[in-house]
Amino acid sequence: MLSKASILHEASFSPKIKSYVLWYGVLICIMSIVMIPLIPIWLLTAPFYLNKYFERLECELTTRSLRFKKGYIFHTERTIPLDKIQDLTFKEGPLLKYFGLSILRIETAGSSAQGGPDLSLIGVVDAFDFRSMVLDQRDKVTDTQHSGSANESTDSSIEILKEIRDSLKRIEGKLPQ
């Protein structure tokens, strides 16, 4: 029977994400030049979408995994087992710094083959503390797994050796003297 993982921490997100994404969209429109006429439409419609998007952001650190949910129109839910997390890095650019935000990038064993992070969290409040919590819990999980598997391996090896010993004794008993 599997035990349910309990929630250790629920990350909260800064409301500044809404302003960051709004102005990031404006910058993208300006840089693409062709989309400059769409800036007024973006500025009128984006706030509604960004409010709904922000309301649906969730990130939970449990005893065994990191779970992230987002999306208003397109819903995404990711669960990453802690023992698969290899690295958590921060990304900050001029626009992120202006809004007092950072991006926490979570990389797993398979993400390096894809060429990017497995998950990016923008605007986590107290991101450095959250990163520390995730890494500490990951270390607890991996230390428990390694010590548990070593004990199981030793126990199974002893059982196999006992079976071999017993088989050899039976064989020796049947050999002529």
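No experiment lies behind these values; they were computed from the predicted model shown.

Visitor: I would appreciate a short explanation of the overall build of the chain in the present structure.
Guide: Each helix and strand counted, the chain has 5 helices and 7 strands in total. Along the chain, helices (α) and strands (β) appear in the sequence β-α-α-β-β-β-β-α-β-α-β-α when read from the amino end. Expressed as a percentage of the 177 residues in the chain, the buried residues total 29%. The long-range share in the chain, meaning contacts at least 24 apart out of those at least 6 apart in sequence, stands at 51%. Accessible surface computed for the chain: about 12,000 Å², of which carbon and sulfur atoms make up 58%.

Visitor: Just to check I follow, could you spell out the pattern of salt bridges for this structure?
Guide: Think of it this way: side chains of opposite charge can pair up when their charged atoms draw near. By the definition in use, this model includes 7 salt bridges. In this structure, D166 engages R165 in a salt bridge whose closest nitrogen and oxygen atoms are separated by 3.3 Å. Through salt bridges with shared partners, a single ionic network connects E58, E60, R67 and E77.

Visitor: I tried to follow the sheet that holds strand 7 (residues 119-122) on my own but got confused; where do I start?
Guide: To summarise the sheet geometry, strands pair through backbone hydrogen bonds and adopt either a parallel or an antiparallel arrangement. With antiparallel pairing, the 3 strands of this open sheet are ordered in space as 5-6-7. Each having just a single partner strand, strand 5 (85-91) and strand 7 make up the two edges of the open sheet. Taken over all neighbouring pairs, the strand axes of this sheet differ in orientation by 20° on average, direction set aside. Across 4 bridges, the pairing between strand 6 (residues 103-108) and strand 7 is antiparallel.

Visitor: Looking at this model, I keep getting lost on helix 1 (residues 16-31). Mind explaining?
Guide: One turn of the α-helix equals 3.6 residues, which is why residues spaced by three or four share an orientation. The first and last C-alpha atoms of helix 1 sit 22 Å apart over 16 residues, in line with the 22 Å expected at 1.5 Å per residue. For helix 1, every residue scored as buried is listed here: I17, Y20, L22, G25, V26 and C29. Packed against the buried residues of helix 1 are helix 2 (39-55), helix 3 (94-98) and strand 7.

Visitor: Looking at this model, I keep getting lost on the pairing of strand 2 (residues 58-62). Mind explaining?
Guide: On a regular strand, each side chain points to the face opposite its neighbour's, so the side chains alternate between the two faces of the sheet. Of all 5 residues making up strand 2, 4 are buried, and the element is well covered by its neighbours. The sheet contact formed by strand 2 and strand 3 (residues 65-70) spans 4 bridges and is antiparallel. Across the sheet, residue C59 finds its bridge partner in strand 3, namely F68. The turn joining strand 2 and strand 3, which pair antiparallel and follow one another in sequence, is formed by 2 residues.

Visitor: I keep staring at the sheet that holds strand 1 (residues 7-11) and nothing clicks. Help me out?
Guide: One open sheet holds the 4 strands; their spatial order is 1-2-3-4, and the pairing between them is antiparallel. Every interior strand has two partners, whereas the edge strands, strand 1 and strand 4 (76-81), have only one. Adjacent strand axes in the sheet meet at a mean angle of 15°, parallel and antiparallel pairs treated alike. As paired strands, strand 3 and strand 4 are joined by 6 bridges and run antiparallel to one another. In the strand pairing of strand 4, R67 is matched with T79.

The rules behind each value
- Residues numbered from 1 in each chain as written.
- Predicted model: local features only at pLDDT ≥ 70, side-chain atom pairs only at ≥ 80, totals over all residues.
- Heavy atoms only, no water.
- Helix = DSSP H or I, 4+ residues; strand = E, 2+ residues; numbered from the N terminus.
- Buried < 20%, exposed > 50% of the residue type's maximum accessible area, 1.4 Å probe, protein only.
- Contact = heavy atoms within 4.5 Å.
- Areas by Shrake-Rupley, 256 points an atom, 1.4 Å probe, with all protein chains shown as cover.
- Salt bridge = Lys/Arg side-chain N within 4 Å of Asp/Glu carboxyl O.
- Pairing = 2+ DSSP bridges.
- Axes fitted to C-alpha atoms, helices over the stretch in contact; angles between N-to-C directions.
- Expected span 1.5 Å × (residues − 1).

Geometric values such as these leave the question of function open.
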